[in-house]
Amino acid sequence: MVKPLSFFKGEIVPISEANVNIMTHALHYGTAVFEGVRGNWNESQSKMFVFRLKEHYERLLRGCSILLMDIPYDVQAMCDITINLIKECGYKEDLYIRPIAYKSTEKVADLRLHKLDSDFALIIVPFGSYIEKEGAIRCCTASWRRMNDTNMPPRVKISGNYVNSILAKTEAVMAGFDEGIMLNQDGSVSEGTGENLFLAIDGKIHTPSLENNILTGITRDSVFNIITNELGLEVIERPIDRSEIYLADEMFLTGTAAHVTPVGELDNRKIGSGGVGPITEKLSNIYAKVIRGEEKEYLNWCTPISVNR
Ligand code: PMP
C-alpha cells in the first residue's frame, strides 16, 4: 500500500495533516522558495531514480539566501529527508517531489524578510506528463512580460515570482494554446512559463542567457551537457529576438516537469516542419534514458532508491 506522506514541521505526517495556519506570512506574500524534482521509476530495475537532487537543493538554498531565510537543514540533510520520504511513501511510479522553504511566522501586515521564522516542508505526489500532448506543442507569445531582475529575482524559484508565470500560462491555455512564451521588458525572448527555451538554427543550438531573466534551469544545464557530449553540437547563449523563433529550424522547451518538450508552432506560425525536429527527437530520447538511470555516463546525476513495498 502506498502512503501519501509529507515531511512537515520536522516529522513525517500524512499530507492531509500537513496544514499551515491562515496567518502564515508565506501564504499572504509569496515569501517562500520551492523546488520541483522528479523521481523517475525504472520498472526493469524496480528502482526510483531521483534526478539531480543535490542541485535542486543547492538552488533552493540560493533562493533562501535571497529571501533571508535560515532553514535548519543543509543540502545533505534535505537529500536524506527526501530519500527517506520516498521510501516511506512507497510509490512505484513517476513522482513529482516538491520541497518548500517558507516564512512560517504567523503574523500579517508585516512587510519584511528579516526576523521572521522559516521552515522546510516536503511533499511527494505521483506525476506523469506536465503538458499532456503527443508530439509538438503549440505556443503563443504571452502579453505578460517576464519579470525583470530589477523587480524580482528571476534566477530562483521564489513562490511570489510564479504569479508572473501563472498569468501568462492562463492566458495561453485560455486562448487555446499549450504554453505561453514570455518576452523580457526589452522584447527579447526569455522562456516558457515553467521551462527554459532552446532553438536549433543551422545545426547549432541557441538559448537565452541567464542575464535574460531566465530561471537557472537544471534541465537546461543537463541538456547543455547532452547536446555537447552526445550530439556534438555547439550551444550558444545569447539574447534572442521573437522573430528568430518563427524562422528557427526547431524549438524545444526544457524543465523538470516538462522534460524536453518539442514546440511546433509559435503564434500560429510553423517552426520548421511544425512537428518534432530531428535534433529535438534525439535529445529527448537520450534525456528520457538519462533521467531513468539508463545511461551509465550520467548515473552521477541520479540518486537510485530501492522502494520495498
Ligand atoms: N523556468 C521556469 C519559470 C520554471 O518554473 C522552470 C521549472 N523549474 C524552468 C524554467 C526549468 O527549470 P528546471 O529545469 O530546473 O526544472
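Residues numbered from 1 in each chain as written. Predicted model: local features only at pLDDT ≥ 70, side-chain atom pairs only at ≥ 80, totals over all residues. Heavy atoms only, no water.

## A few points about the overall build of the protein
Assigned secondary structure in the protein consists of 7 helices and 17 strands. Relative to a compact globule of 309 residues, whose C-alpha radius of gyration would be 19 Å, the protein shows 20 Å and is just as compact. A principal-axis box enclosing the C-alpha atoms of the protein has dimensions of 50 × 50 × 30 Å. (Helix = DSSP H or I, 4+ residues; strand = E, 2+ residues; numbered from the N terminus. Rg over C-alpha atoms; globule rule 2.2 N^0.38 Å.)

## Let's talk about the pairing of strand S9 (residues 179-183)
Consecutive side chains of a regular strand alternate in pointing toward one face of the sheet and then the other. In terms of burial, S9 is a largely internal element, 5 of the 5 residues being buried. Residues of S9 alternate between two faces, with Glu-179, Ile-181 and Leu-183 on one and Gly-180 and Met-182 on the opposite face, all of them buried. Both strand S8 (residues 137-141) and S9 contribute to a ladder of 3 bridges, which runs parallel. Counted as the bridge partner of Cys-139 is Glu-179 from S9. In this fold, S8 hands off to helix H4 (residues 162-174), which returns the chain to S9; that crossover is right-handed. Connecting S9 to the antiparallel partner strand S10 (residues 189-192) that follows it, the hairpin turn spans 5 residues, and Gly-187 within it adopts a positive phi of roughly 90°. (Buried < 20%, exposed > 50% of the residue type's maximum accessible area, 1.4 Å probe, protein only. Pairing = 2+ DSSP bridges. Right-handed = clockwise from strand over helix to strand, strands pointing away.)

## Considering the domain arrangement of the protein
Segmentation of the protein into domains returns domain 1 (5-126) and domain 2 (137-290). For domain 1 versus domain 2, the separation of C-alpha centres amounts to 26 Å. At the junction of the two partners, domain 1 supplies 20 residues and domain 2 supplies 19 residues. For the domain 1 and domain 2 pair, buried surface summed over both sides reaches about 1,600 Å², with 64% attributable to carbon and sulfur atoms. Taken as a group, Phe-34, Phe-51 and Arg-59 account for 38% of the area that domain 1 buries against domain 2, more than any other trio of residues on that side. Viewed at the interface, domain 2 and domain 1 are joined by 1 salt bridge. Close ionic contact of Arg-52 with Asp-221 constitutes a salt bridge, the shortest N to O distance being 2.7 Å. (Domains from an automatic or database assignment. Contact = heavy atoms within 4.5 Å. Buried area = accessible area lost by both parts, 1.4 Å probe. Salt bridge = Lys/Arg side-chain N within 4 Å of Asp/Glu carboxyl O.)

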